[in-house]
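# Report on the structure
Here are the chains, one letter per residue:
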Amino acid sequence: MSNSATEMLVAACIQFLQAHPPFDRMEAEALRFLAEHVRLAHYPKGAQILSSEMGVARTLYILQHGRVQVRASGVASSSNVESAPNTLGPGQAFAIAALMAQRPTSSSYVAREEVFCYELPADDFFTLTQKSTVFNLFCSQYIAGLLRQSQQQLQLQFAQRAAEQKTMNSPLAVIVKREPVSVAPETSIRQVVALMADRHLGSMVVVDADEQPVGIFTLSDVLKRIVLPGTSLEQPISSVMSATPQTLPLAANAHDAALAMAMHGIRHVLAVDEGGRLKGVVSERDLFKLQGAGLRQIRHAIDAASSLDVLQHAREDIRQLSLTMLAEGVGGQEITQFISTLNDTVTRRIIEINLDRHDLYGIDWAWLSFGSEGRDEQTFISDQDNGIVYICTDIMDRELTQLRFLDFARDVNADLDTCGFPLCKGNIMASNPGLCLTLEEWEERFAQWVRTPEPQALLNATIFFDFRPLYGRFNLAHRMRLSLFRQTNGNPLFLRMLAQNALSVSPPLGRIRDFVTSDDPEHSGTIDLKKYGVRLFTDAARVFALARQVEATNTATRIKRAGALMNISQEDVAASLEGFNFIQLLRLRHQHFEQEHGRAGDNFIRPDELNEIERRILKEAFRQARKLQARLKLDYQL
Amino acid sequence: MAWFSRLFSGQETPNPALTAGQQQLIAAWRQLPVPDLQRSHYRCRYVVVDVETTGINVRTDRLCAIGALAVVDGQIDFKDAFHLLAEPAEPGADPAPGLSVRPHSEPVAGHPLVDALISFLHFVGKAPLIAYNVPFVAAMIERTLTECLGIDWGLAWIDLAWVMPDLFRDVEHAGGGLDAWLDHFSIASIRRHHAVSDAYATAQLLQITIASGAHKGFMTPASLIELEKARRHLHQSG
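Residues numbered from 1 in each chain as written. Chains lettered and ligands numbered in written order. Predicted model: local features only at pLDDT ≥ 70, side-chain atom pairs only at ≥ 80, totals over all residues.

## Some points on the overall build of chain A
Looking only at helices and strands, chain A features 23 helices and 21 strands. The burial tally for chain A puts 39% of its 638 residues in the buried class. In chain A, 71% of the contacts between residues at least 6 apart in sequence involve partners at least 24 apart. (Helix = DSSP H or I, 4+ residues; strand = E, 2+ residues; numbered from the N terminus. Buried ≥ 20, exposed ≤ 12 C-beta atoms within 10 Å, placed from the backbone. Contact = placed C-beta atoms within 7 Å.)

Below, the structure written as structure tokens:
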């Protein structure tokens, strides 16, 4: 029933809305629909308009008059205490995110004065998002705004944990964890050195009967004071120790310790209690860890490393630094790339160390990485995926040359394992004779997979076609790439099959529930973010890249470069990268937590344990994956 | 006392000028159940009305327009609104022939006003009525209904001009009327003195009133009626 009264009230409502974004830009028809379907409600001062206890959001609220106070509630923890309470005024809308996710709101909304609200029922809200592209865009941007908030929240969480962790301001009492090992002055040098070797100690403190330190003996003293002078090992330790060691009270902080070390040119400071009794040893290395090793220091340490020991430490430093980056809000893409880059450095160093023992002089060869390492997308738990390509000029030498490379590769693989890159369960390693091949053999292998795209060949393509040279003659890898493009170009069927393979896994978005979780009893209620997350993007990106002859292996780079050639808009490219990065970030965070709790670290995340905003963004990320898949379907008529 | 009013309504002589269809509609309105005034404000339907007239004399001035809108469960739905135009309010403007209601003039069955008033009856139903300054508004509407439809409306009225000063005692309100209340709560008018606009503004005052009333123990239409009665009694005896 249209009548002049309704007409007048609706017109007035439209006029009000037009004074406020996003309604000022909204299409006339949609705006009229909105004004016709809202109801005006009133809330007296102090009334709770909406809160998480009220259940799933059923209404969009547009403030017509008065102010509303927003308080974050429900969403995890104290991190929100920081965010100042927020006030909304006329023209501002709320409960958009909760409506879109069909979940309870995460904040509570309280009227600060007499408040009038236009209220739009959920059904009409969804109709409106369909009717109006402006409103739809507004809602997506609103969600994007929440994404930033969520990242800030994430940073805050990590920053808080970082703060709980030790800093240079922490007292020594917090820094020294291990019970100090000490000996009496009359202990023989032999006993002391044996004890140090046994316990892997870099230093030994010598204490008197009152447990007060009287001297210190360090590993570097062994050379200068025992080996070179030929000191008898039966002598007491007091004869070779450095007397009157530097001590600091337990209440002194790490800064003081660093200062003491710098002033006296020493590497160890002893922490003592009020009675002067030894409570712990602080080494230069402990302080270095506190400072948080910088990228340059780590690289320097790796490049200078002559033993696996140092490289092992470097791996730990990389982990620490990645964590710091996570806390500083660095994106998933940057962190995975960073981990890959430093892992490359470690790998190169290991290769160099092994080259000293293996003579490969005069042969053109390159060390290749595959899989996630080949894509520059390593996380905390990536294992080894590598191979070797070499040139064999004389066919007679082939077998012998391969044996030499296999010997070399076995050592490198073992050393990598020692340094925290676990051996590949699928034996995708350079020490596998099938992956230590001449250029011609690699080309032949690629050609075979492309010509006969059976399931195993397609699976191989997803691992090996993401190859990247890491050490040696990079031009060999380039030649492999060109030959691969020649093959894929000449075999359109292969790309179609590869696309089909990429579509075999769908984003785990549910029709009824938000997410489809694993029905494997061992991982029930979880989503495997590798199989059902990252892989959706990498698989699609691989097809895009091969089809457009984009040389890059990195997923983000592939999507960017191929996207430009495919006329995908910059916004769409950015949106899919954001989705991909968010999934990577969730993986990194999850792996970090798992490892911190002494577990191996996997990719199974529980959507139930994410907060509302994260769930909402994860859903959006999966939708982005679906968009990439839709493009594949379109391109290959699947 | 529904039986009682029905007894009398039976005695009312149906206006011979009305068509059978119109009389049937009026009879149907009479049969509508009377709502329970003991239900919460937020579980009932109020109808807020305002009028435009040619002047302020209840006996001699004529009704030009009625604006009405419902407040259902405490909310205003723009689709649940009514506008009845009897005669242009502009003085001097020549009213369109047959559209004006003159005292004692015979309404004609084909007259659009009769149908409009019947629609109005059905729009309101038997809901409790809200107005600012009920004696004037009610008199104007009820007189017109009696003249044109020959009925005695007999619905409950609540006058915000009486209820609000009691619920908002701390508000300085020295006879400022509707405008003062609108000012106080900074409620904007679409077009002041337009019947629909004023009814809309009054409806927002009602929303504020029932929220405050509910807070102070006046939870139902019946309790507001009681409150008004008590206040009138106090003022008339004092």
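Read on for the rest.
## Some details on the overall build of chain B
A count of helical and extended segments in chain B gives 8 helices and 5 strands. If you list the helices and strands of chain B from N to C, you get α-α-β-β-β-α-β-α-β-α-α-α-α. Residues classed as buried in chain B amount to 35% of the 238 residues present.

## Looking at the pairing of strand β3 (residues 75–85) of chain B
Note: strand β1 (residues 39–43) of chain A against β3 of chain B, 2 bridges, orientation antiparallel. Residue pairing across strands places L40 of chain A opposite I76 of chain B, the latter belonging to β3 of chain B. Pairing between strand β2 (residues 63–72) of chain B and β3 of chain B: 7 bridges, direction antiparallel. Looking across to β3 of chain B, one finds that I66 of chain B is bridged to L84 of chain B. The hairpin formed by β2 of chain B and β3 of chain B contains 2 residues between the paired strands, and D73 of chain B there has a positive phi angle of roughly 50°. (Pairing = 2+ DSSP bridges.)

## Some details on the packing of helix α20 (residues 530–547) of chain A against helix α21 (residues 555–565) of chain A
Residue and element names in this part refer to chain A. The contact between α20 and α21 brings their axes to 9 Å, and the two run at 45°. It follows that α20 is oblique to α21 by the angle criterion. Where α20 crosses over α21, the two elements pack in a sense that is left-handed. Contacts between α20 and α21 involve F537, T538, A541, F544 and A545 on the former and, on the latter, T555, R558, I559 and A562. (Axes fitted to C-alpha atoms, helices over the stretch in contact; angles between N-to-C directions. Parallel < 35°, antiparallel > 145°, perpendicular 65-115°, else oblique. Left-handed = near helix turned anticlockwise from the far one by under 90°.)

## As for the sheet that holds strand β6 (residues 93–94) of chain A
One open sheet accounts for 9 strands, arranged β6(A)-β3(A)-β8(A)-β1(A)-β3(B)-β2(B)-β1(B)-β4(B)-β5(B); its pairing is mixed. Edge positions in the open sheet fall to β6 of chain A together with β5 (157–159) of chain B, since each of these has one partner strand only. Against the sheet, helix α7 (residues 195–215) of chain B touches β1 and β8 (115–121) of chain A together with β1 (45–53), β2, β3 and β4 (129–131) of chain B, its axis set at about 35° to β2 of chain B.

## A look at the interface of chain A and chain B
Where interface size is given, it is often the accessible area lost as the parts come together that is meant. The interface is formed by 17 residues belonging to chain A together with 22 residues belonging to chain B. Looking at the side of chain A that touches chain B, the elements that each hand over two or more residues are α1 (4–17) and β1 of chain A. Counting residues per element, the side of chain A that touches chain B draws most heavily on α1 of chain A, at 8 residues. Looking at side-chain class alone, the side of chain A that touches chain B contains 10 nonpolar, 4 polar and 3 charged residues. (Nonpolar A, V, L, I, M, F, W, Y, C, P; charged D, E, K, R; others polar.)

## Remarks on unusual backbone geometry
All names here are of chain A. Cis geometry marks the peptide bond from P21 to P22, where omega comes out at 0°. Tracing the chain through its elements places P22 in the loop between α1 and α2 (28–37). Backbone geometry places D376, a non-glycine residue, at a positive phi of 65°. Tracing the chain through its elements places D376 in the loop between α14 (371–374) and β17 (386–390). Despite not being glycine, N427 shows a phi value in the positive range, around 60°. By secondary structure assignment, the location of N427 is in the loop between α15 (398–418) and β18 (436–438). On the basis of neighbour count, N427 is assigned to the exposed category, with 12 C-beta atoms found within 10 Å.

## Describing α1 of chain A
For α1 of chain A, which comprises 14 residues, the first-to-last C-alpha distance of 20 Å matches the rise-based estimate of 20 Å (1.5 Å per residue) to within 8%. Within α1 of chain A the residues assigned to the buried category are A5, T6, M8, L9, V10, C13 and L17 of chain A. Contact partners of the buried residues in α1 of chain A: α2 and β8 of chain A together with β2, β3 and α7 of chain B. (Expected span 1.5 Å × (residues − 1).)

## Focus on the packing of helix α3 (residues 112–124) of chain B against helix α4 (residues 134–149) of chain B
All names here are of chain B. Between α3 and α4, whose axes approach to 10 Å, the crossing angle comes to 125°. Judged on the interaxial angle alone, α4 and α3 are oblique. At the point where α3 passes α4, the crossing takes the left-handed sense. Counting all contacts with α3, which are made through L113, V114, L117 and I118, the residues of α4 involved are L145, C148 and L149. In terms of residue class, the contact of α3 with α4 is made up of 7 nonpolar, no polar and no charged.

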